[in-house]
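Understanding the architecture of this molecule
Read off the chains here:
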Amino acid sequence: MIGMKKFLPARVFYEPEALEYPLGKELVEHFRGTDIPVIETGSHNRVSGIPGKTAGQAYREGKRTLVIGVRKGKEFQSCKPSAHYQLPLVTSCPGMCEYCYLNTTLGKKPYIRVYVNVEEILGTARQLMEARLPEITLFEGAATSDPLPVEAYTGSLKQAIEFFGQLEKARFRFVTKFTNVDSLLEAKHEGHTRFRFSLNCAQVVKEYEHATPSPEERIQAAGKVLRAGYPLGFIIAPMIRVEGWREEYETLLSSLAQELEKNAPNNYRSSDLSFEWITHRYTTRAKNTILEVFPNTMLPMDEEQRKYKYGQFGYGKYVYRPEEMAEMKTFALEITEKYFPGAKIEYFI
């Protein structure tokens, strides 16, 4: 999976109900035509048969497993403060980032789920939008996933982009670390989808973001997306105080600015870009899970070097000390303005 251009699962499970939908039938038939094992499962929420004797093995095999299912619930989770609702097209991601919060929310085997009842999901989105008229409703497509790695199989991301392109009072946003963007470049987005990339400095990607494209590859993909006229944004996360962190992050933004300038359409303005900066933080539960899955991790998780902060959901997390956080915030705001004058910084946390 290193340098992965296209996600290729080691095994595929499917719910029988998925065969009642054209996409589900098409996916199952496709994988049955390969050497990949295709297995029926009773529910996409409870899949057995994924190998792995240790936590690390189970995690890695989960990341190599694709489950084709039907999303049953009509309710969408809220997605504050970045959007009004999550848009549930995919769950999980084949990337293996050591710090990822999904490591603690998706269990021991974080397999990738795709939902084939896309029309029903988009229909629910329309109803939620109509209930909030005349306000604009914002949907987030990557709250519990990275939907791009499986797009070559499902096409559901392009379908969602074009769906929201037709709606005056709805907007769509998603974020990805992956680079297989070509199938989305001609989508009729009408400026209603903000295409965001998760970026990090070279040292962090090399050490902690396994099975993901390099910063250079992501930046090149962002250039393509800018040229296609999408509203564009970037999440710099997690910002980590690695050795030489100032130089590392400035190199990242300098390279990004050069690539975007090279691909900029005539109406390009850096003030149209959005940035989200998130510093590294962790909970005790997350640390324990990370140490199980990545026993040799070098993630900086020394509680004596951190401040314990209570969160809005009733549990606390370890964040950088106030003086370090202030230094990082000043730096992040300054270099964003230096390379992208007037760009919107949605938050720094």
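Scroll up for the structure.
Residues numbered from 1 in each chain as written. Predicted model: local features only at pLDDT ≥ 70, side-chain atom pairs only at ≥ 80, totals over all residues. Heavy atoms only, no water.

**Some remarks on the sheet that holds strand β11 (residues 193-199)**
Adjacent strands of a sheet form backbone hydrogen bonds with each other and so pair up, either parallel or antiparallel. The sheet built from eight strands is open, its strands ordered β4-β5-β9-β10-β11-β13-β14-β17 with mixed pairing. Two strands in the sheet have a free side with no partner beyond their single neighbour: β4 (78-79) and β17 (344-348). In terms of strand pairing, strand β9 (residues 137-140) meets strand β10 (residues 170-176) through four bridges, oriented parallel. Considered in β10, the bridge of leucine 138 is made with arginine 171. (Pairing = 2+ DSSP bridges. Helix = DSSP H or I, 4+ residues; strand = E, 2+ residues; numbered from the N terminus.)

**Concerning the sheet that holds strand β1 (residues 11-14)**
Taken together, the five strands give an open sheet; going across it, the order is β2-β1-β3-β8-β6, and neighbouring strands pair in mixed fashion. One side of each edge strand has no neighbouring strand; the edge strands of this open sheet are β2 (38-40) and β6 (90-91). Bridge analysis of β6 against strand β8 (residues 112-115) gives two bridges, and the strand direction is antiparallel. Looking at β8, one finds that valine 90 is bridged to valine 114. Packed on one face of the sheet, helix α1 (residues 22-32) meets β1, β2, β3 (65-69) and β8 and runs near 145° to β3. (Contact = heavy atoms within 4.5 Å. Axes fitted to C-alpha atoms, helices over the stretch in contact; angles between N-to-C directions.)

**Here's the deal with unusual backbone geometry**
Cis geometry marks the peptide bond from lysine 80 to proline 81, where omega comes out at 5°. Along the polypeptide, proline 81 turns up in the loop between β4 and β5 (83-86). The backbone of glutamate 190 sits at a positive phi, close to 55°, despite the residue not being glycine. Tracing the chain through its elements places glutamate 190 in the loop between β10 and β11. On the basis of relative accessibility, which here comes to 54%, the residue glutamate 190 falls in the exposed class. (Buried < 20%, exposed > 50% of the residue type's maximum accessible area, 1.4 Å probe, protein only.)

**Digging into the packing of aromatic side chains**
Applying the stated criterion to the full structure yields 17 aromatic pairs. With a centroid separation of 5.1 Å and 20° between ring planes, the pair formed by phenylalanine 164 and phenylalanine 172 is classed as stacked. Judged by its relative accessible area of 0%, phenylalanine 164 is buried. On the numbers, 5.4 Å between centres and 80° between planes, the contact of phenylalanine 195 with tyrosine 230 is edge-to-face. With a gap of 35 residues between them, phenylalanine 195 in strand β11 and tyrosine 230 in the loop between α8 (215-227) and β13 (232-239) connect regions that are remote in the sequence. Considered together, phenylalanine 195 and tyrosine 230 belong to a single accessibility category, that of buried residues. Members of the aromatic cluster, joined through ring pairs, are Tyr85, Phe139, Phe163, Phe164, Phe172, Phe174, Phe195, Phe197 and Tyr230. Between arginine 306 and the ring centre of tyrosine 320, over which it is positioned, the NZ or CZ distance is 4.0 Å. (Phe/Tyr/Trp six-rings, centres within 6.5 Å; stacked < 30°, edge-to-face > 60°. Lys NZ or Arg CZ within 6 Å of the ring centre and 35° of its normal.)

**Describing the environment of arginine 64**
For arginine 64, the position within the fold is in the loop between α2 (55-62) and β3. A sequence separation of 214 residues divides arginine 64 from isoleucine 278, and the C-alpha atoms of the two residues are 28 Å apart.

**Let's talk about the environment of proline 213**
By the element assignment, proline 213 lies in the loop between β12 (209-210) and α8. For proline 213, a relative accessible area of 3% gives the class buried. Distance from proline 213 to lysine 169, taken between C-alpha atoms, is 34 Å for residues 44 residues apart in sequence.

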